[in-house]
Amino acid sequence: MATIKVNGVDRQFDGDPDTPLLWFVRDQLDLTGTKYGCGTGLCGACTVHLDDVAVRGCLATVADADGKTVTTIEGLSETGDHPVQVAWRDQNVPQCGFCQAGQIMQAASLLSANPNPSEQEILDEMQGNICRCGCYQRIVTAVRQASTGA
Ligand code: FES
Ligand code: FES
């Protein structure tokens, strides 16, 4: 039995410990903001925080998260006003929206580790998050706004 604190609430899982974290949060907990894209760690749509660090939910397993803290887009801010979310709205970042939860979680993880990243550091951090709508310029602008250097 795995116990994982998800968005501040202790949750149990007694299935296969190799189950991807993505399926645990989406199918068991109904937290469907986290998206399935490629399933192979290549797109970032499934990004969540594991102990405050961005991970790919399709690669991390329930066993990896046992005893740890997971945050999904639903838990990033109770009121939806995390600085990254505010900047996303200000910059009108999303187009279709599919990649956006992953983008926001990746950006929030970056800023929690490095509150004032350079443009290159933003590009390096965000490069694994694919946006098929091509919102990349607005993503970088929004991360800059959300950083202390905006
Ligand atoms: S679905 Fe996990 S990286 Fe694409
Ligand atoms: S907004 Fe459509 S995939 Fe990024």
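Residues numbered from 1 in each chain as written. Chains lettered and ligands numbered in written order. Predicted model: local features only at pLDDT ≥ 70, side-chain atom pairs only at ≥ 80, totals over all residues. Heavy atoms only, no water.

Draft legend 1. Region of interest: the pairing of strand β1 (residues 2-6). Side chains of β1 alternate between two faces, with Ala2, Ile4 and Val6 buried and Thr3 and Lys5 left unburied. Counting the residues in the hairpin turn of β1 and strand β2 (residues 9-13) gives two residues, including Asn7, whose phi is positive at 50 degrees. As paired elements, β1 and strand β5 (residues 69-71) share two bridges and run parallel to each other. The partner of Lys5 across the bridge, within β5, is Thr69. (Buried < 20%, exposed > 50% of the residue type's maximum accessible area, 1.4 Å probe, protein only. Helix = DSSP H or I, 4+ residues; strand = E, 2+ residues; numbered from the N terminus. Pairing = 2+ DSSP bridges.)

Draft legend 2. Local environment of the pattern of salt bridges. Under the criterion given, the structure shown has two salt bridges. For Asp10, the salt bridge identified is with Lys5, shortest N-O distance 3.5 Å. Ionic pairing is found between Arg144 and Glu119, a salt bridge with its closest N-O pair at 2.9 Å. Note that Arg144 is positioned in helix α6 (residues 136-146) and Glu119 in helix α5 (residues 119-126), a separation of 25 residues in sequence. (Salt bridge = Lys/Arg side-chain N within 4 Å of Asp/Glu carboxyl O.)

Draft legend 3. Looking closely at the nonpolar core. With 23 residues, the main nonpolar core has Val84, Trp88, Ile139 and Val143 as its most contacted residues. Broken down by secondary-structure element, the contributors of at least two residues to this core are α3 (83-90), α4 (100-113), α5 and α6. Among the elements that take part in this core, α4 stands out by supplying seven residues, more than any other. Apart from the residues within four sequence positions on either side, Val143 is in contact with Trp88, Ala107, Leu110, Leu111 and Ile122. Within the second largest apolar cluster, 16 residues are counted, among which are Phe13, Phe24, Leu29 and Val55. (Core = buried A, V, L, I, M, F, W, Y, C linked by side-chain atoms within 4.5 Å. Contact = heavy atoms within 4.5 Å.)

Draft legend 4. Representation of α4 within the structure. Over its 14 residues, α4 extends 20 Å from the first C-alpha to the last, a length consistent with the 20 Å expected when each residue adds 1.5 Å. Extensive coverage of α4 is indicated by the burial of twelve of its 14 residues. Gln100, Ala101, Gly102, Gln103, Ile104, Met105, Gln106, Ala107, Ala108, Ser109, Leu110 and Leu111 are the residues of α4 that are buried. In the core, the buried residues of α4 are packed alongside β3 (47-50), β4 (53-56), β5, α3, α5 and α6. (Expected span 1.5 Å × (residues − 1).)

Draft legend 5. The arrangement of the environment of Val62 in detail. With respect to the helices and strands, Val62 occurs in helix α2 (residues 62-65). A relative accessible area of 1% means that Val62 is categorised as buried. A C-alpha to C-alpha distance of 26 Å links Val62 and Leu111, two positions 49 residues apart in sequence. Those residues within four positions of Val62 in sequence are excluded, and the remaining contacts are Ala2, Ile4, Phe13, Pro17, Thr19, Leu21 and Phe24.

Draft legend 6. Structural context of the packing of aromatic side chains. Scanning the model with the defined rule gives two aromatic pairs in all. Here the aromatic rings of Phe13 and Phe24 are separated by 5.3 Å at their centres, their planes lie at 70 degrees, and the arrangement is edge-to-face. Residue Phe13 is located in strand β2, and its partner Phe24 is located in helix α1 (residues 21-28); the two are separated by eleven residues in the primary sequence. Relative accessible area serves as the criterion here: at 9%, Phe13 is assigned to the buried category. Residue classification places Phe24 among the buried positions, given a relative accessible area of 0%. Taking 5.3 Å as the distance between ring centres and 35 degrees as the angle between the ring planes, the aromatic pair formed by Trp23 and Tyr36 counts as tilted. (Phe/Tyr/Trp six-rings, centres within 6.5 Å; stacked < 30°, edge-to-face > 60°.)

Draft legend 7. Layout of the sheet that holds β1. As summarised here, the arrangement of the five strands in space is β2-β1-β5-β3-β4, forming an open sheet in which the pairing is mixed. The sheet is open, and its two borders are formed by β2 and β4, each paired with just one other strand. The sheet shows a mean angle of 40 degrees between the axes of neighbouring strands, taken without regard to direction. By the bridge criterion, five bridges tie β1 to β2 in an arrangement that is antiparallel. Following the sheet pairing, Lys5 is matched in β2 by Asp10. Against the sheet, α1 engages β1, β2, β3 and β5, with an angle of about 105 degrees to β2. Strand contacts of α4: β3, β4 and β5, with the helix running at about 35 degrees to β3, the strand carrying the most contacts. (Axes fitted to C-alpha atoms, helices over the stretch in contact; angles between N-to-C directions.)

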